[in-house]
Amino acid sequence: MTTNKGFCASVCRCFFEYSTPQILVIRSTKVGTLNRIIQALVLAYVIGYVCVLKKGYQDTDGVLSSVTTKVKGVAVTNTSDLGLRVWDVADYIIPPQEESSFFVLTNLIMTLNQTQSHCPELPNVGFDCVTDSDCKAGLSNTRGDGVQTGRCVNFSSVARTCEVLAWCPLEGDMQPPDPPMLAGAENFTVLIKNSIRYPMFNFNKRNILPHVNKTYLQHCVFNRVTDPDCPIFRLRDVTTEAGEDFQTMAVHGGIMGVQISWFCDLDLPATWCVPKYTFRRLDNKDPENNVAPGYNFRFAKYYKNINNKETRTLIKGFGIRFDVMVFGQAGKFNIIPTLLNIGAGLALLGLVTVVCDLIVLTCMTKRNLYKENKYSYVDDFELLPDGTP
Amino acid sequence: MTTNKGFCASVCRCFFEYSTPQILVIRSTKVGTLNRIIQALVLAYVIGYVCVLKKGYQDTDGVLSSVTTKVKGVAVTNTSDLGLRVWDVADYIIPPQEESSFFVLTNLIMTLNQTQSHCPELPNVGFDCVTDSDCKAGLSNTRGDGVQTGRCVNFSSVARTCEVLAWCPLEGDMQPPDPPMLAGAENFTVLIKNSIRYPMFNFNKRNILPHVNKTYLQHCVFNRVTDPDCPIFRLRDVTTEAGEDFQTMAVHGGIMGVQISWFCDLDLPATWCVPKYTFRRLDNKDPENNVAPGYNFRFAKYYKNINNKETRTLIKGFGIRFDVMVFGQAGKFNIIPTLLNIGAGLALLGLVTVVCDLIVLTCMTKRNLYKENKYSYVDDFELLPDGTP
Amino acid sequence: MTTNKGFCASVCRCFFEYSTPQILVIRSTKVGTLNRIIQALVLAYVIGYVCVLKKGYQDTDGVLSSVTTKVKGVAVTNTSDLGLRVWDVADYIIPPQEESSFFVLTNLIMTLNQTQSHCPELPNVGFDCVTDSDCKAGLSNTRGDGVQTGRCVNFSSVARTCEVLAWCPLEGDMQPPDPPMLAGAENFTVLIKNSIRYPMFNFNKRNILPHVNKTYLQHCVFNRVTDPDCPIFRLRDVTTEAGEDFQTMAVHGGIMGVQISWFCDLDLPATWCVPKYTFRRLDNKDPENNVAPGYNFRFAKYYKNINNKETRTLIKGFGIRFDVMVFGQAGKFNIIPTLLNIGAGLALLGLVTVVCDLIVLTCMTKRNLYKENKYSYVDDFELLPDGTP
C-alpha cells in the first residue's frame, strides 16, 4: 500500500512538472545582429509571402459555374451552286446547343444531292485502276469513300478508278475556299451568360453585373478599355485579342479559348468580385509542322425526293469552336488556416537557431567560449578514453 | 600521419556523439497545470480535428465518372399551325446525346415554311424607313435578320421597313407562350446511369446499386424518403427539390444542376459507399435585374419541296438543360499520411513550450527564480560593460 | 530621464542578445549509433521520398488541353427495309462535333416513315385492353408511346391494345440486331489532335510530335510497340487494349475512355515530354446485375412528303461513345518549394531528438547518469516537499 501511495505521488508529481529547455544567452553585438537579421528574414517571409501574397489567413473554395451562349448575326454567300444565300444562327451553329462551347461555321465545302448509288472513286487516293481485276468487290477501307463494286470505270477522260457504292457524287478532294465563304462571321456577336457559385461561402454572382441594364445590353460590345463589363463579344475582337487574324483562321478553322477568371477576396466588398476575360488560341497552328491543321467536320442534311428516295447535302464545315473556360478561387478569413500558418511560422523561427548556431560555433572568433558554455559532456567511451576536447 | 590519425579519431568521436538539449524541470502546480492544459488543447486539435474530422490518416483520391442519361415521356401540343401533335424523346432532346448533360425542350416558337427570299424586316428593331434611301443595300448587322436589298416596303398597313434577303417569313419578335407548350414535360422521367471509379484504390461502383433489380427499375421514381436509391427522376421533382416551380421555369427555360456526390470512407464496408443526389438551379433568375433570362436557342429542320427548293422550319426552343455533376473523394488508411500527421502533431507539441515559457517568464510571481535557472549568460559586450542583469 | 536611459539600454541589450539552447553531449557508442541511425532514416525519407520520388524541389502546374477528333471509314448494311446502304462519317457520328468526345453508331433499330397519326399501342407494356372503357382518352404516361384516344383497337389478330396518337407506326420493342448492323465500324480510325499547355511554365505541346510528318500520318495506325507516336487509332484496337471485344460491345453500345496523360519533368529536355495513351471501358457491364446495359439514344430525321405532311425516320442508335480525357502535371525547379521542403526536413530532424531521448532515458543502463546531467530542477511545491528525485 505504501508503494502504491508512493507511485501515486510520483505520477502526481510528474503531472505537475513542466520541462523547458535551458537557454544560453549570448550577449554580443555581432551574434545578436546576425540573429535578428535572420529572424527578420523569416518573419518577412512568413508575413509577406504566406500572409499577404498567398493570403494564408483565408479559407479558399473553387468555383462552380454554368455557362450559356447566344450568337447573333447573319452572313451571306454567293456561289454558283446555291446562288445568293443568307446564313443565320440556326444554319451556322452546330450543334444548336452545347454545355460550355459553341461552334461557328466560317467556311464550307458543300456537295449537293448525294444519293446512295454507284460512282467512280476519286483519283490519286490509291484506287486508280486499269482493268476490273485491279478492284476488289466488297473492299472498303478508311481511305476510300465507299464499298468497291469490283468494276473499273472512267473517272474522267484521263483517269480510271474503281467504282464504289457510296453517297454519290463524291465530295471532291479540294482545299477550302479562301477567302472563307462566311467571311461576315467576324462581325457576329456572342452573349455569354455565366453564373458562378462559391458553395463554401454561399456566394453567387453572374457576369451580367448589377449596373448593366437591358438598354445597355442591347447595343454594347465588349471592349477592354471602354466597355470592360459588357458580356457581348464580337468574334473578330476575340481572335484579334488572342493575336490571330479572323479571316486567316476562318479558312481552315480552329479552337479559341474564352477564359473567364473569378479570383475574389470575399473579405473585400462583393462588388469588387468581377470577372476578367482573356482569349487564347487553343489549337496549335505551328506553321513548321503543318499536319492536319485547323478544325473541321462533316455533317449532312437529309431529304427525300419525290420518289421517296433519300438524298442528302453533305457539308464539310470549317469553323471556330469557342470553348468557354471558367476559372476561379475565392478566399475568406477563417481561424483554422490562420492558426496553421502562424504555427508554421513559429516553427520556422525555430530553424533560425539552427542556422545561427552553425555560424556562431564555426565562424565567430570567440567560438570556443560559446562552445564551452553551450555544451556539457557526459562521457561513456570504453574505446576512446580521451574524452573532453 | 599522426595528425591524420588524430583527425580520424576526432571524426569518429564526433560520430558517436549524441546532442540533447538540457532541460529545466519546474515543479509547480500552477505551471504544471498550465502546461498540461495547453498540451491537452493541442492534442485535442491533432486527434479531434486532424485525425477524426479530416481523416488525416487516410490517403485520398478524386472520382472519375461517366454519365449516361435517358429521358422518357411524351407531351402533346395543340396549335392552330400544327394541329394536335405528339412530341416524343427524338423530338424534344436536342442534341440527341451529350456527354453529361441533356436538354429538354419545354416551350417553343415555331416558324414554318421559311425559304430564302425577300421580306420586310420586323418593325421597331431599327430598320423602319420611309423611302428606299433609308435602307442601304448589302447592309447586314447583328440586330437585323438578313441582308438589306435597299428597298423600303410595307410591313403592314401602318409600318414600312427595309426589305431583306433572309429566311422568310421572319420569326416574329414575341414572348414565349405561357403556359409553356410542352407543359407535360414535368412528368417526363430521366434514368441517370453513373459509373464511378477511384483509380488509386481500384474501386468501381455505379449508382444502380446491387439490390436494385430490373423489375424495380421499371416502375420506381426517385423519392428522397421512399425510394432514395432509384436512379430515375421525375423532372418536376428535380425542380421542386431545388425550390423552383417547373411550369414557371419551363416558360423561359433555365439550367438545373443534378449533383451526385460520392464521398466514401473505404475503410468501412464498400456497401456504405452510396451516391447522394442534390438538385440546384444553376442559372441566376435574379428578378430585380432581369436581363436576358432563361435558356433558349434556335435550330431548324430542313426540307426540300417539290421544286427542289430548300425550306426549313425554324424553332426557337426554350427548355431546361440538366447538367449532371459528379463530385467525390474516397479515403483509405495509408501509413504515409498517418506518419506525416503524427509528425506535424509532435511539432505542434513543441510550440507548447514556446507559449508556456511566455506565460511562465512574464506573468508568474516567481518568474525571476525561473529565469535564473533557465538562462545562463555569456557576455561579449565592448560597449555595455554592465553585463549581468 | 535616468530611468529612460536605463530602459533604452535594457532594450538595446535585449536586441543584441542571442538565445541558444544549452546542449548536453552524450559520448557513447550505443547512444551515438542509435542517434545516427534514426537521423539516417529521416534523411533517407526526406531526400528519397520528398525530393526524389515526389520531386519536392519542383513547382507543379496542371494541364490545359484542347481536343479535336476526326473519324474515318465507311460501313455497309444490307437490310430488307433499306437495301444495300453505305454509312459514312456524316451518317454515323452524332452529333457531328462535340467538345472532347465522339459517338460512333454501331447498331440501330430504324423505324421508317413515321407520321403523326393513330395506331394501337404495343402489347405487354400495360395498355392491353378488352373494351374502350379500359382506355382513358388523353392519358399519356412515361411508359406509353403517345396520348391515348380512348379507343380499344386490334394490335394483331390475338392482341387488343389502346389506340394512341403518336408517331406511327411505333417502334417495335425489340432487341438490337446481333451481330451489330455496322460491324465494319471496328475498322474505322480516329485521328485525335490534342494540344496541351502548362500556363505557369508557358510550355505548349501537341500530340502530333515534331518527327511525325504528313506522309507518315497518311498511313500510320497506333500500335503500342511499332507506332507508339501515331495519333490515329483503330477503334477495334482501342476496345481490345481495354480488354473488351468490339463486336460484343457494339451490339448494346457502351462508353470507352481514351486517356492521354502528359506527366512532364520540364527540368529535362522538352522532347522527353510525350503523351501516353491508355484505354479503359468507363461504363459498368457487370453481367450479374444487368439492368439497362450499354448506351443508346433515339434521334430522328425529318422529311416532308408530297402533301407537305411531316414524316420522320426514327433511329434508336446503339454505339460507343469515346470520351477523350487528358490528364497531366508538369514540374520545374523552383526555389520556394525547395526551401519549404528543406525547412520541413530540418524540422523532422528535430523529432529525432524526441525519439532518441525516449529510448536513452528509459532503456539504456546508464539512464540515471544521463538524466542527472540532462535535467536540472526548480521546486515550487507546497504540497509535496519531497522535491529532488
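Since this is a predicted model, take the numbers as computed values, not measurements.

### Some thoughts on the interface of chain A and chain C
Taken together, the contacts link 84 residues of chain A with 74 residues of chain C. Between chain A and chain C lies a buried interface of about 6900 Å² when both sides are counted; carbon and sulfur atoms form 55% of it. In this assembly, chain A and chain C are joined by five salt bridges. The closest approach of N and O atoms between Lys301(C) and Glu310(A), which form a salt bridge, is 3.2 Å. Across the contact surface, chain A and chain C share 34 residue pairs in polar contact (both at pLDDT 80 or more).

### Side note on the sheet that holds strand β2 (residues 23-27) of chain B
On the basis of which strands lie adjacent, the open sheet formed by three strands has the order β1(A)-β2(B)-β17(C) and mixed pairing. The sheet is open, and its two edges are formed by β1 (17-21) of chain A together with β17 (375-379) of chain C, each paired on a single side. If you compare each strand with its neighbour and ignore which way they point, the axes differ by 25° on average. Bridge count for β2(B) against β17(C) is five bridges, and the pairing is parallel. Within the sheet, the bridge partner assigned to Ile26(B) lies in β17(C) and is Val378(C). Of the strands in this sheet, β1 of chain A together with β2 of chain B are in contact with helix α7 (residues 335-363) of chain B, which crosses β1(A) at around 100°.

### Some words on the pairing of strand β8 (residues 147-154) of chain B
All names here are of chain B. Sheet topology places β8 next to strand β9 (residues 160-168); five bridges connect them, and they run antiparallel. Paired with Asn 154 across the bridge in β9 is Arg 160. A loop of five residues connects β8 with β9, the two strands running antiparallel in sequence.

### What to know about helix α2 (residues 29-53) of chain C
A turn of α-helix holds 3.6 residues, and therefore any two residues three or four places apart point the same way. Residues and elements named next belong to chain C. Between its first and last C-alpha, α2 extends 33 Å over 25 residues, near the 36 Å set by a 1.5 Å rise per residue. Among all positions of α2, only Val 31, Gly 32, Asn 35, Ile 38, Val 42, Val 46 and Val 50 are buried. For α2, the side-chain oxygen to backbone nitrogen distance between the N-cap and Lys 30 is 3.4 Å, and the N-cap itself is Ser 28. Taken from the residues just after α2, Lys 55 is the one with a positive phi, measuring 45°.

### Observations regarding the pattern of salt bridges
Going through the model one piece at a time under the given rule, you end up with 42 salt bridges over all chains. The salt bridge partner of Asp88(B) is Arg312(C), with a shortest N-O separation of 2.4 Å. With Asp88(B) in the loop between β6 (83-87) and α3 (89-92) and Arg312(C) in strand β16 (residues 310-333), the pair connects residues from two separate chains. In this structure, Arg298(B) and Glu171(B) form a salt bridge, with 3.0 Å as the shortest nitrogen-oxygen distance. With a gap of 127 residues between them, Arg298(B) in strand β15 (residues 296-304) and Glu171(B) in the loop between β9 and β10 (189-198) connect regions that are remote in the sequence.

### So, the relation of the copies chain B and chain A
With an RMSD of 0.2 Å, the operation that places chain B on chain A is a rotation of 120° combined with a shift of 0.0 Å along the axis. Both chain copies can therefore be described as sitting about a three-fold axis. The C-alpha atom lying nearest the rotation axis in chain B is that of Gln22(B); the distance is 3.1 Å.

### Digging into the interface of chain B and chain A
In this complex, chain B contributes 84 residues to the contact, which on the side of chain A involves 74 residues. Around 6900 Å² of area is buried between chain B and chain A when both sides are counted, 55% of it from carbon and sulfur atoms. The interface formed by chain B and chain A includes five salt bridges. Applying the counting rule to chain B against chain A returns 35 residue pairs in polar contact (both at pLDDT 80 or more). Classifying every residue of the side of chain B that touches chain A gives 38 nonpolar, 25 polar and 21 charged. Judged from the five bridges that link them, β1(A) and β2(B) form a sheet pairing that is antiparallel.

### Some remarks on unusual backbone geometry
With omega at -5°, the peptide bond leading from Cys168(A) into Pro169(A) counts as cis. Position of Pro169(A) relative to the elements: it lies in the loop between β9 (160-168) and β10 (189-198). Unusually for a residue other than glycine, Asn202(B) sits at a positive phi of about 50°. Along the chain, Asn202(B) turns up in the loop between β10 and β11 (203-206). The backbone of Asn308(B) shows a phi angle near 65°, a positive value even though the residue is not glycine.

### Describing a nonpolar patch on the surface
Residue and element names in this part refer to chain A. A contiguous nonpolar surface patch, about 490 Å² in accessible area, is contributed by Phe 333, Ile 335, Leu 339, Ile 342 and Leu 346. Sorting elements by how many residues they give to the nonpolar patch places helix α7 (residues 335-363) first, with four residues. Within the secondary structure, Phe 333 sits in strand β16 (residues 310-333). Residue classification places Phe 333 among the partly exposed residues on the basis of a relative accessible area of 47%.

### A short note on the state of the cysteines
A covalent bond between the sulfur atoms of two cysteines is referred to as a disulfide. Residues and elements named next belong to chain A. On inspection of all chains with the given rule, the structure shows 15 disulfides over all chains. Linked covalently through their sulfurs, Cys 135 and Cys 162 form a disulfide whose S-S length is 1.9 Å. Of note, the bridge from Cys 135 to Cys 162 carries an S-S torsion of about -95° and is left-handed in sense. With a gap of 27 residues between them, Cys 135 in the loop between β7 (101-120) and β8 (147-154) and Cys 162 in strand β9 connect regions that are remote in the sequence. For Cys 162, a relative accessible area of 2% translates into the label buried.

### Concerning the packing of aromatic side chains
The description of two aromatic rings rests on the distance between their centres and on the angle between their planes. As enumerated under the stated definition, the model contains 45 aromatic pairs over all chains in all. Taken together, a centroid distance of 6.4 Å and an interplanar angle of 35° make the contact between Tyr198(A) and Phe203(A) tilted. For Tyr198(A), a relative accessible area of 0% puts it in the buried group. With relative accessibility at 13%, the residue Phe203(A) sits in the buried group. Summarising the aromatic geometry, the rings of Tyr92(B) and Phe188(B) are spaced 4.3 Å apart at their centres and angled 15° between planes, so their arrangement reads as stacked.

### Observations regarding the confidence of the model for chain A
All names here are of chain A. For chain A, the average pLDDT comes to 86, and 95% of its residues sit at 70 or higher. Low confidence marks residues 383-389, where pLDDT is under 50. Its contacts with residues over four positions away, or in another chain, come to ten contacts. Per the prediction output, this complex has pTM 0.88; the corresponding ipTM is 0.84.

### Focus: the environment of Leu340(C)
Structurally, the position occupied by Leu340(C) is in helix α7 (residues 335-363). For the pair Leu340(C) and Gly56(C), spaced 284 residues apart in the sequence, the C-alpha separation amounts to 8.7 Å.

### So, the side chain of Thr239(C)
All names here are of chain C. Here Thr 239 shows up in helix α5 (residues 235-241). Look at Thr 239 and you get buried, because its relative accessible area is 0%. In this view, Thr 239 contacts Glu 244, Phe 246, Met 249, Met 256 and Ile 320; residues no more than four positions away in its chain are not counted.

### Details of the side chain of Gln22(C)
Positionally, Gln22(C) belongs in the loop between β1 (17-21) and β2 (23-27). Looking at Gln22(C), its side chain comes within polar contact range of the side chain of Ser376(B), at 2.8 Å. Once you skip the residues sitting within four places of it in the chain, Gln22(C) turns out to touch Gln22(A), Ile23(A), Leu24(A), Asn373(A), Lys374(A), Thr20(B), Pro21(B), Gln22(B) and Ser376(B).

### Considering the environment of Leu182(A)
Relative to the helices and strands, Leu182(A) is located in the loop between β9 and β10. Among all residues touching Leu182(A), those that are not within four sequence positions of it are Ala75(A), Thr77(A), Trp87(A), Tyr92(A), Leu105(A), Thr106(A) and Leu108(A).

### Here we look at the packing of α7(A) against helix α8 (residues 367-374) of chain A
To characterise two packed helices, one gives the angle between the axes of the helices and the distance between these axes. Residue and element names in this part refer to chain A. For the pair α7 and α8, interaxial distance at closest approach is 7 Å and the crossing angle is 125°. Taken together, the axis directions place α7 and α8 in an arrangement best described as oblique. Together, Asp 357, Val 360, Leu 361, Thr 362 and Cys 363 of α7 and Arg 367, Tyr 370, Lys 371 and Lys 374 of α8 make up the contact between the two elements. Classifying every residue of the contact of α7 with α8 gives four nonpolar, one polar and four charged.

Definitions and limits used
- Residues numbered from 1 in each chain as written.
- Chains lettered and ligands numbered in written order.
- Predicted model: local features only at pLDDT ≥ 70, side-chain atom pairs only at ≥ 80, totals over all residues.
- Heavy atoms only, no water.
- Contact = heavy atoms within 4.5 Å.
- Buried area = accessible area lost by both parts, 1.4 Å probe.
- Salt bridge = Lys/Arg side-chain N within 4 Å of Asp/Glu carboxyl O.
- Polar contact = N/O pair within 3.5 Å; in protein donor to acceptor, adjacent residues only side chain to side chain.
- Pairing = 2+ DSSP bridges.
- Helix = DSSP H or I, 4+ residues; strand = E, 2+ residues; numbered from the N terminus.
- Axes fitted to C-alpha atoms, helices over the stretch in contact; angles between N-to-C directions.
- Expected span 1.5 Å × (residues − 1).
- Buried < 20%, exposed > 50% of the residue type's maximum accessible area, 1.4 Å probe, protein only.
- Least-squares fit on C-alpha atoms with pLDDT ≥ 70 in both.
- Nonpolar A, V, L, I, M, F, W, Y, C, P; charged D, E, K, R; others polar.
- Patch = residues over 30% accessible without salt bridge, like charges linked within 9 Å, V, L, I, M, F, W, Y side chains within 5 Å.
- Areas by Shrake-Rupley, 256 points an atom, 1.4 Å probe, with all protein chains shown as cover.
- Disulfide = S-S within 2.5 Å.
- Phe/Tyr/Trp six-rings, centres within 6.5 Å; stacked < 30°, edge-to-face > 60°.
- pLDDT = per-residue confidence, 0-100.
- Parallel < 35°, antiparallel > 145°, perpendicular 65-115°, else oblique.

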